[in-house]
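# Geometric and topological summary
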Amino acid sequence: MSTFSKIKALKGSLSSSELKLAKFALDSSNAIRELSSQELANVVGVSQSSVVKFAQKLGYKGYPAFKLGIIDALNTAPSGGTLHGKITITDSFSQMSDKLLSSKMAVLSETQKLNDEKAFLAAVDILKSAKRILICGLGGSALVGKDFSYKLQKLGMLAIEEPDAHAQLAFAATLSDNDLVFAISESGSTKEIVNVVSQAKKNQSKVISITRYGSNPISDLADVKLFSVADEESARLSSILARTAQEFIIDILFIAITQSSRQGRQTLEKTNAVVSEFRRMS
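A quick note: this is a predicted structure, and the numbers were derived from the prediction, not measured. (Residues numbered from 1 in each chain as written. Predicted model: local features only at pLDDT ≥ 70, side-chain atom pairs only at ≥ 80, totals over all residues. Heavy atoms only, no water.)

Here we take up the pairing of strand β3 (residues 180–184). In terms of burial, β3 is largely enclosed, as 5 of its 5 residues are buried. Burial along β3 is two-sided: Leu180, Phe182 and Ile184 and Val181 and Ala183, pointing in opposite directions, are all buried. Relative to β3, strand β1 (residues 133–136) runs parallel, the two being bridged by 4 bridges. Residue pairing for β3: isoleucine 133 is matched across the bridge by leucine 180. (Buried < 20%, exposed > 50% of the residue type's maximum accessible area, 1.4 Å probe, protein only. Helix = DSSP H or I, 4+ residues; strand = E, 2+ residues; numbered from the N terminus. Pairing = 2+ DSSP bridges.)

In structure tokens:
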């Protein structure tokens, strides 16, 4: 998981001192190669303890590990720049579509970097073994959840997506340790989804979450934590990019399940054949 990806994903939850360090790490990352923790603190204008806490917030044991993460990220960064631009009312159609495409590509790339293969494989195992799957989300996340439920149903899996928060909570109350809640929340703190996840944990049900990166009420309760990125400041694009990242994750899970399950592939072929036959008859 790229250090730069972690910093970008956590920017919204950083203190003023941490934001200074984040900006320096992103804008002047090469300089960190030669700086000690005290020297970095002096350059940025924060305390040495702030540097150490910043490194730990990113998941590193200390500053030396953080520095190695920066060096590794620099060595593996792709050549060439990525266009980042906000869509404005004065943009031409070509400019608008180019900016949207670039934003979506950046979000997909960052989302891929944020998630480890082990987390995906663990999620696949839990999904395949679950007796019942409750997929919950609100707003745009509910649309992503509905798409995922359709995909899993075509594999013969009992996946239910219920957009009503009260119905989600009521269904969660019936779950057991053989069942699963798949929670989707860009913020990771949607009150209704936190309630559903909390109820599921009381029933010893497994929980898989898709949230923004970092500690939040939903991912903190999850058995498997998956992360999506939508770091576009424009409110006009935020929900679009959040869904783009979330859809990317569920598509990876769907394909991974299909690859690893012969029965799932057979069921998928059957469901596709039935739909194709119906279309020919119409």
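Looking at the second largest pocket, its volume works out to about 230 Å³. In terms of lining residues, the second largest pocket is bounded by 15 residues, among which Lys128, Leu155, Gly156, Met157 and Ser261 are the most central. Secondary structure elements with two or more residues in the lining of the second largest pocket: α8 (117–129) and α14 (262–281). Broken down by element, the lining of the second largest pocket gets its largest block of residues, 3 residues, from α14. Taken together, the residues of the lining of the second largest pocket sort by class into 7 nonpolar, 5 polar and 3 charged. (1 Å grid on protein atoms, 1.4 Å probe; cavity = no way out; pocket = protein on both sides within 12 Å on 5 of 7 lines; lining within 4 Å. Points joined across faces, edges and corners; volume = space filled by probe spheres on them. Nonpolar A, V, L, I, M, F, W, Y, C, P; charged D, E, K, R; others polar.)

Time to look at unusual backbone geometry. Even without being glycine, glutamine 204 reaches a positive phi, approximately 65°. As for its position among the elements, glutamine 204 is in the loop between α11 (191–202) and β4 (206–211). Taking the relative accessible area as the measure of exposure, glutamine 204 reaches 57% and is therefore exposed.

Pairing is possible between side chains of opposite charge, provided their charged atoms come close. Under the criterion given, the structure shown has 9 salt bridges. Aspartate 27 is the salt-bridge partner of lysine 23, the closest N and O atoms lying 2.9 Å from each other. Placement of the pair is lysine 23 and aspartate 27 together in helix α2 (residues 16–27), with a separation of 4 residues, close to one helical turn. Under the relative-accessibility criterion, aspartate 27 is labelled exposed at 53%. (Salt bridge = Lys/Arg side-chain N within 4 Å of Asp/Glu carboxyl O.)

Here we come to the sheet that holds strand β5 (residues 224–227). Hydrogen bonding along the main chain pairs the strands of a sheet, whether they run parallel or antiparallel. Strand order in the open sheet made by the 5 strands is β2-β1-β3-β4-β5, with parallel pairing throughout. Edge positions in the sheet fall to β2 (159–161) and β5, since each of these pairs with one other strand and no more. Shown here is a sheet whose adjacent strand axes are inclined to one another by a mean of 15°, direction ignored. In the sheet, β1 pairs with β2 via 3 bridges, with the strands oriented parallel. Directly across from isoleucine 135, in β2, lies its bridge partner glutamate 161. Running over the sheet, α8 touches β1, β3, β4 and β5 and is turned about 125° from β5. Contacts from helix α9 (residues 140–154) reach β1, β2 and β3, with the element oriented near 160° to β2. (Axes fitted to C-alpha atoms, helices over the stretch in contact; angles between N-to-C directions. Contact = heavy atoms within 4.5 Å.)

In short, geometric facts, not functional conclusions.
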